[in-house]
4 protein chains.
Amino acid sequence: MKITAQHIADLNKTQDNSYQEELNLLDTKLSRNSISLDEVIKKVADFQVAIPSWALGAGGTRFGRFSYGGEPASLEQKLDDIGLLHALTQSAGAVSLHIPWDIPQDYKTIKEVAQGHGIIFDAMNSNTFQDQPGATESYKFGSLSSHVDASREYAIQHNLDVIKIGEQLGSKSLTVWLADGANFPGQRNFQTALRHTENSLKSIYAGMPQDWKLFIEYKPYEPAFYSTVIQDWGTSFMLANACGERAYTLVDLGHHLPNTNIEQIVATLMMKGKLGGFHFNDSKYGDDDVTVGAIKPYALFLIFNELVYGMENNHNNPDLAWMIDASHNTKDPLEDLIQSLEAILIAYTQALLVDQKALRIAQQENDVVQCQEILQDAYRTDVRAILKAARLSAGGVIDPLAAYRKLLVREELIKERGTTSKATGL
Amino acid sequence: MKITAQHIADLNKTQDNSYQEELNLLDTKLSRNSISLDEVIKKVADFQVAIPSWALGAGGTRFGRFSYGGEPASLEQKLDDIGLLHALTQSAGAVSLHIPWDIPQDYKTIKEVAQGHGIIFDAMNSNTFQDQPGATESYKFGSLSSHVDASREYAIQHNLDVIKIGEQLGSKSLTVWLADGANFPGQRNFQTALRHTENSLKSIYAGMPQDWKLFIEYKPYEPAFYSTVIQDWGTSFMLANACGERAYTLVDLGHHLPNTNIEQIVATLMMKGKLGGFHFNDSKYGDDDVTVGAIKPYALFLIFNELVYGMENNHNNPDLAWMIDASHNTKDPLEDLIQSLEAILIAYTQALLVDQKALRIAQQENDVVQCQEILQDAYRTDVRAILKAARLSAGGVIDPLAAYRKLLVREELIKERGTTSKATGL
Amino acid sequence: MKITAQHIADLNKTQDNSYQEELNLLDTKLSRNSISLDEVIKKVADFQVAIPSWALGAGGTRFGRFSYGGEPASLEQKLDDIGLLHALTQSAGAVSLHIPWDIPQDYKTIKEVAQGHGIIFDAMNSNTFQDQPGATESYKFGSLSSHVDASREYAIQHNLDVIKIGEQLGSKSLTVWLADGANFPGQRNFQTALRHTENSLKSIYAGMPQDWKLFIEYKPYEPAFYSTVIQDWGTSFMLANACGERAYTLVDLGHHLPNTNIEQIVATLMMKGKLGGFHFNDSKYGDDDVTVGAIKPYALFLIFNELVYGMENNHNNPDLAWMIDASHNTKDPLEDLIQSLEAILIAYTQALLVDQKALRIAQQENDVVQCQEILQDAYRTDVRAILKAARLSAGGVIDPLAAYRKLLVREELIKERGTTSKATGL
Amino acid sequence: MKITAQHIADLNKTQDNSYQEELNLLDTKLSRNSISLDEVIKKVADFQVAIPSWALGAGGTRFGRFSYGGEPASLEQKLDDIGLLHALTQSAGAVSLHIPWDIPQDYKTIKEVAQGHGIIFDAMNSNTFQDQPGATESYKFGSLSSHVDASREYAIQHNLDVIKIGEQLGSKSLTVWLADGANFPGQRNFQTALRHTENSLKSIYAGMPQDWKLFIEYKPYEPAFYSTVIQDWGTSFMLANACGERAYTLVDLGHHLPNTNIEQIVATLMMKGKLGGFHFNDSKYGDDDVTVGAIKPYALFLIFNELVYGMENNHNNPDLAWMIDASHNTKDPLEDLIQSLEAILIAYTQALLVDQKALRIAQQENDVVQCQEILQDAYRTDVRAILKAARLSAGGVIDPLAAYRKLLVREELIKERGTTSKATGL
């Protein structure tokens, strides 16, 4: 199935245009704070989020997995799914591949398929948390941090292989999420494990092309339930500094202990020029991986408030790699991704509406009430009309979810692929 | 200082009227879901929240307290402060007194002052977590749950005294927050403490007039740091059932363990007809008592979604006693209360906008994506214009915070009361 | 492989007997508190914990599963594994089956195998959190709580079927763990779901033989990440009361929000005669399912302190169903179970050593320091010699883990079953 | 009141000597692991923990404070209290002063009093979380991080003053606990606040004598309830690195988010040579400040396991400054400190018993079960006999709590000081 420009145009004709009036009201409001609505729309239209290749299949928990129909059975089909998403939203112009789940059989074809959909290859992801069939070394007791030399070497080599694959596709970065850790006190020597990790990451860093970046993820727990080698931003930051200039910390929203102030971590990392990437999802309890914005939209806004501030003020920090990293056990993954993109763009837009000048003054005067008012004013604004305008300007549809359902996309995919196809992934 | 109808009228003349256009747009939108804007405005205008007498002074932490000027030094002045708040917002038409901090010297005068401000006396609050000067028994090791008979009797009598005071003022309910618990394992026998608590509450219940209600609060920790006798809703519910028909559970938003699903508790209690009252505040870590809606506004909306559902469907549940229960260490308390009322009414209004019929259908069809859309659609709507219209219709000001600052209320209060007056309280 | 009495005798001959001297010292100490060492040893020897049939295979996380060799491939082999465990420890004389993973092909044989190992059939477990191949209804959106009548009926029928299977094996109880819930706000109507759950449980209860008990588990989250229908003990307790006298709450140590005071819940339930069963495991973050006692042994002791108190004082509460419920991704499951039994018995023994009389006096006198001393004194005592004596008296080995390794049990099992056999389960 | 050598000798004569037999058994056990009991006893006898001057008075919560009798009313009396504690335990040979609560009136006298008790002056503590009477600048909105230049300068100067006081007493280090933060999103600019903090700390560092060390504490929340400037070890570590070689991170056990793996932080900091000090207390919920070891003794042991490992292997890390930092609302503070010292020394001793060689082998072989066994074997050992022997060897009493009660210390203090004296502090 393919969505054409004609489809888009037809759909937009039938959609509700009342958002135009809302836009006019917003324009008046924003101009009072010297914010240009057009510039906001442009920024929103330009914002692109990478879709990970594993997000197109059904997710699951350790207690099981409920499948749905029409899952993409190959890398090409995954790209096709992202193509549909991008056609509707014009915000999903990148894919993030996971190796070994997505090793291309034919690079030329894959690149053409991606190009045809307007999709670029963002950060590559390695996998050293599972043993693959035929693996000669096991990660059962660790990979980059393992006490066993052979496991460590095997894991380093895997990451170097991933880089090679990425190079052929035009990717420019590698994300390392290290599941290594321990389930029981005493199981690992913390210092040895950390030292091994640092050395392994340095080897990988040394094997990257000069224009590549290394993103180091952190996570406090799961799948290891007593300790995780890279447990927090402090450890990731320390390791990134040890590796070198092009090594950065990557923040995944779900990878924090209860009540962590994530926006402060974001601000600190950007100030130090060390925030490399961002994984979007939401959670109420742990790394729940539910749809971003579905549980704590205000926290998402506060994070974007720091991201926008950093993008404007911390020129030593590189452009960020944005990616959705959620799991879709009870939803159609494409619908979930549409909702994810909407929530991300809403938070981003609201952050763009913050009256930074007034905020700075209120902060300087310790007018705490006014500081709160300024953030809440931006957040309480209904910015969905801006997203519609942005999508329209970029060639997408006004209302992607309605369009997706009207076009019977899932039904078409099931017709094409059947009800039992299964995407690689967890 | 007193705010007159003339003040209000003058202020409203000068305020921005662009919200009228927003109202028109909202009207169109709501009518699609067969929701009447006028009815929503009326409900919002009718919603009244009690102000606790201790909220008019500066709050503090165990590390200290930073005061501000013009604090009310007497119960009359506290009522005057609430009077100012109510004049501006028309949403603060009740006060909740704390004994012994607010024992009236002269009941007649106090009642006249309150009446003059349009304020009624909502739930009375007892205090058995501090020893008062001259107390003949100590609560150091417990009150209603104490192993010591005399402490228990003393605490019961105090609650009966509070009821007597409340009767003279026209209050119809008593809120018991029990700080009793233990700092160390072994310190208390759980079963004995619970049995004592049940018996004490029954004695208090038996001493209430027939038209009074008893609200039983719960809290997992603080000031006791190992265990608290009434640690959760389950315990409160069990005790309320043991006391009788007019005993209810009271939910304070800050009194939960990390990540608790509070809206589910609300739904359960309303279904069982046992939710009596509600204390508003917000928190990121524990019982932080910061301004309601300042940290997790979406959670507040989800809770109101259950409250609105319950109010419409659970006719066995009584009308709820609403109260703000926050602490204001770095803000002007009156400004903080204005922000609190705004946040509460926004969440309430958004909950009124939920398309209940569509939601029921989507739930029945397990259309998870659509369920989420329906809630988010209501939440993402900017409803502040509705609040303005509601306040205007009730005789309040369009923008209370701006009015408060324009009228130089705090400056006037400092002129009247000085900078060193200190409200009774924590 | 089978461990004979001769094996046991031979092993015990070679083991270190220095624990006898420790026993003597303990005897002197305990006699000061009028505690009889012999009675303690007898109680410890009598304590039996059920092994769930799924604990004999490798556990896993959503990120994968690392297998080991010699896994039991059939129910008979699972019973054989428990037989080995019981032969060594004399504390694992029961099995808890999970349906549909453990449907007996031949009841007579299964019963004989169990009897041969001295194993009885404890609580049966149903499964409505996964769809089985060939299932005509899906639990994707709920089972006992489902909005869909057919799913609900299907789940009820499954539970009734499990009871039937259990009856033929001599089991006398059913444990219902309900994974039902929602991943997103709005997805379910809380009140409807709770009402359905109550009705479904009542139907199951009505279908139980008169001498059966129903255990209702609770859990705050996972696999549902926004809300779970039976989220806490309060909900379980309410449902158990609604079902009837033979319905009870079951506590699983890992099923609580961060920082929950579990021992207080235990005390409350026992006081009300409503604690039915107990699942042992440990956790640092969520439902981590690591070895009981591996993370928070003092909390385990405090819980046992309440259990022992309740067993002695709450005669309205039935005998408890004890079960280990952990997951063994990086350990040999049998070794893990040996460690689990050791940790459980240590905590139980320490709780038996608490000087209850002195504690009551210290509590009554509010001598907080002394209360703490009394608990810590029991806890700090090295009671391992008592466990050795208890095992020896019951016909087990002094040191089960050493014996297990000396007998090369795992190596034997791999020889018998190979390295690729796989137990049914998660 | 003063406890003499004769008191001690008399007391020890009357105390139970059965611990000698236990020692003999321990000796046999330890020798199997090539651990020398005598060396362990010596290390335990040498271990000294500083007592903060504020720990001698009653603690409190924001809900109130329950006093007890005989509180020390002056710095001399505080030193006398520590003197009593040290005489009994021989483990409390240091005091940590808090300025402005403990500004000496007469340095010579104070030093003599301390010397007379065998007490040295450990780390000094500044206070920029409260406004003192007569203060010309306020810390209401921050101190070292304040947006207001004058507040910042004032806070820096205060720290420099504290150093001056410390120099005259022989102290060699300054602990900075910074309460600065925000209660509301938007209130502070994270980057500005962090930059100010770094600069302020550098100024203080520059003002320290060459042989002084700076300890930088971190804490996620309280008294600020939205964000704290130095929220975690990563931030403290970053700031310590920015200051210089003699700046270190200080870990307070209660200053972490729920479920934090503190022992891993300790290991990381020691490996980097940046762990400077340690504050002991325990907690179940937040910064509860209850007696160390009263809630999570196994976690305390695991932390000591890393501390012992670090002290033996990380020679780049300085000697640590140990301090008790708890609050005693319902206990006699001196009794609480006796319990604290006991818990600390038990954990330390158990950590000394870990068979490090065997552990390393088991870790290298990924024998997870054995790793757990080794730690648990040390932890499950009853080491109280070792503490008794250590105290006796150092001139203290065998059983300090029993001695304290037998000597009627509190009663004597009340006789001397009355029931209404009040120590400076929170």
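The shown structure was predicted, so the numbers you read here are calculated from the model rather than taken from an experiment.

Draft legend 1. Layout of the overall build of chain A. From N to C terminus, chain A includes 16 helices and eleven strands. Since a compact globule built from 426 residues should have a radius of gyration of about 22 Å, the 22 Å found for chain A is in line with a globular shape. For chain A, the C-alpha atoms occupy an extent of roughly 65 × 60 × 40 Å along the three principal directions. Among the 426 residues that make up chain A, the fraction classed as buried is 70%. At a minimum sequence separation of 6, the contacts of chain A that also span at least 24 residues come to 80%. Per element, the accessible surface of chain A, about 13,700 Å² overall, is 50% carbon and sulfur. Between the averaged position of the 38 positive side-chain charges in chain A and that of its 53 negative side-chain charges there is a distance of 1 Å.

Draft legend 2. Local environment of the relation of the copies chain A and chain D. For the match of chain A to chain D, the screw axis carries a shift of 0.0 Å, the RMSD comes to 0.0 Å, and the turn is 180°. Both chain copies can therefore be described as sitting about a two-fold axis. In terms of C-alpha distance to the rotation axis, chain A has G234(A) as its closest residue, with the C-alpha 2.1 Å off the axis. Comparing interface residues between copies, 100% of those in chain A also sit at the interface in chain D, which points to an isologous, same-surface contact.

Draft legend 3. Fine view of the interface of chain A and chain D. With 51 residues of chain A at the contact, the number on the chain D side is 51 residues. For the pair chain A and chain D, the summed buried area comes to about 4,700 Å², and 58% of that belongs to carbon and sulfur atoms. On inspection of chain A and its partner chain D, the count reaches two salt bridges. Salt-bridge contacts for K272(D) lead to E198(A); the nearest nitrogen and oxygen are separated by 3.6 Å. One can count 22 residue pairs in polar contact (both at pLDDT 80 or more) joining chain A with chain D. For the side of chain A that touches chain D, the elements supplying multiple residues, two or more each, are helix 7 (190-206), strand 8 (227-228), helix 8 (233-243), helix 9 (262-271), helix 10 (297-313), helix 12 (356-364) and helix 13 (368-380) of chain A. For the side of chain A that touches chain D, a count of residues per class yields 24 nonpolar, 20 polar and seven charged.

Draft legend 4. Just the interface of chain B and chain C, in detail. The interface is formed by 51 residues belonging to chain B together with 51 residues belonging to chain C. Interface area for chain B against chain C, summed over the two sides, is near 4,700 Å², with a carbon-plus-sulfur share of 58%. Our enumeration of links across chain B and chain C arrives at two salt bridges. Applying the counting rule to chain B against chain C returns 22 residue pairs in polar contact (both at pLDDT 80 or more). When contributions to the side of chain B that touches chain C are tallied by element, the ones reaching two or more residues are helix 7 (190-206), strand 8 (227-228), helix 8 (233-243), helix 9 (262-271), helix 10 (297-313), helix 12 (356-364) and helix 13 (368-380) of chain B. Here the side of chain B that touches chain C gets seven residues from one element, more than from any other, and that element is helix 9 of chain B. Its residues assigned to classes, the side of chain B that touches chain C comprises 24 nonpolar, 20 polar and seven charged.

Draft legend 5. Structural context of the relation of the copies chain B and chain C. Placing chain B over chain C gives an RMSD of 0.0 Å and needs a rotation angle of 180°, together with 0.0 Å of translation along the axis. When the interface residues of chain B are mapped onto chain C, 100% of them again fall at the interface, so both copies present the same face.

Draft legend 6. Region of the structure containing the nonpolar core. Ranked by internal contacts, the top residues of the largest apolar core, which has 559 residues, are F304(A), F304(B), F304(C) and F304(D). Sequence-distant contacts of F304(B), that is, excluding residues within four places in its chain, are made with F47(B), F280(B), W322(B), I344(B), A347(B), Y348(B) and A351(B).

Draft legend 7. View of the pattern of salt bridges. Tallied over the full model, the rule gives 104 salt bridges over all chains. In this structure, D81(A) and R417(A) form a salt bridge, with 2.9 Å as the shortest nitrogen-oxygen distance. Of this pair, D81(A) sits in helix 4 (residues 75-89) while R417(A) is found in helix 16 (residues 409-417), placing the two residues 336 residues apart along the sequence. Taken as a pair, D81(A) and R417(A) share a single burial class, namely buried. E412(A) serves as the salt-bridge partner of K415(A), at 3.4 Å between the closest nitrogen and oxygen. You can see K415(A) and its partner E412(A) sitting in helix 16, three residues apart, about one turn around the helix. Each of the salt bridges in this network shares a partner with another, and the network as a whole consists of E22(A), D382(A), R384(A), K29(B) and D377(B).

Draft legend 8. Summary view of the confidence of the model for chain A. Per-residue confidence for chain A gives a mean pLDDT of 96, with 100% of residues at or over 70. Scored by ipTM, the complex comes to 0.97, with pTM at 0.98.

Draft legend 9. Highlighting the packing of helix 10 (residues 297-313) of chain C against helix 13 (residues 368-380) of chain C. All names here are of chain C. Closest axis-to-axis distance for the helix 10/helix 13 pair is 11 Å, and the angle between their directions is 115°. Relative to helix 13, the element helix 10 is oriented roughly perpendicular. The handedness of the crossing between helix 10 and helix 13 comes out as right-handed. Across the interface between the two elements, P297, Y298, F301, L302 and N305 from helix 10 touch L375, Q376, A378 and Y379 from helix 13.

Procedures and definitions
- Residues numbered from 1 in each chain as written.
- Chains lettered and ligands numbered in written order.
- Predicted model: local features only at pLDDT ≥ 70, side-chain atom pairs only at ≥ 80, totals over all residues.
- Heavy atoms only, no water.
- Helix = DSSP H or I, 4+ residues; strand = E, 2+ residues; numbered from the N terminus.
- Rg over C-alpha atoms; globule rule 2.2 N^0.38 Å.
- Buried < 20%, exposed > 50% of the residue type's maximum accessible area, 1.4 Å probe, protein only.
- Contact = heavy atoms within 4.5 Å.
- Areas by Shrake-Rupley, 256 points an atom, 1.4 Å probe, with all protein chains shown as cover.
- Lys, Arg positive; Asp, Glu negative; His and termini not counted.
- Charge placed at Lys NZ, Arg CZ, Asp CG, Glu CD.
- Least-squares fit on C-alpha atoms with pLDDT ≥ 70 in both.
- Buried area = accessible area lost by both parts, 1.4 Å probe.
- Salt bridge = Lys/Arg side-chain N within 4 Å of Asp/Glu carboxyl O.
- Polar contact = N/O pair within 3.5 Å; in protein donor to acceptor, adjacent residues only side chain to side chain.
- Nonpolar A, V, L, I, M, F, W, Y, C, P; charged D, E, K, R; others polar.
- Core = buried A, V, L, I, M, F, W, Y, C linked by side-chain atoms within 4.5 Å.
- pLDDT = per-residue confidence, 0-100.
- Axes fitted to C-alpha atoms, helices over the stretch in contact; angles between N-to-C directions.
- Parallel < 35°, antiparallel > 145°, perpendicular 65-115°, else oblique.
- Left-handed = near helix turned anticlockwise from the far one by under 90°.

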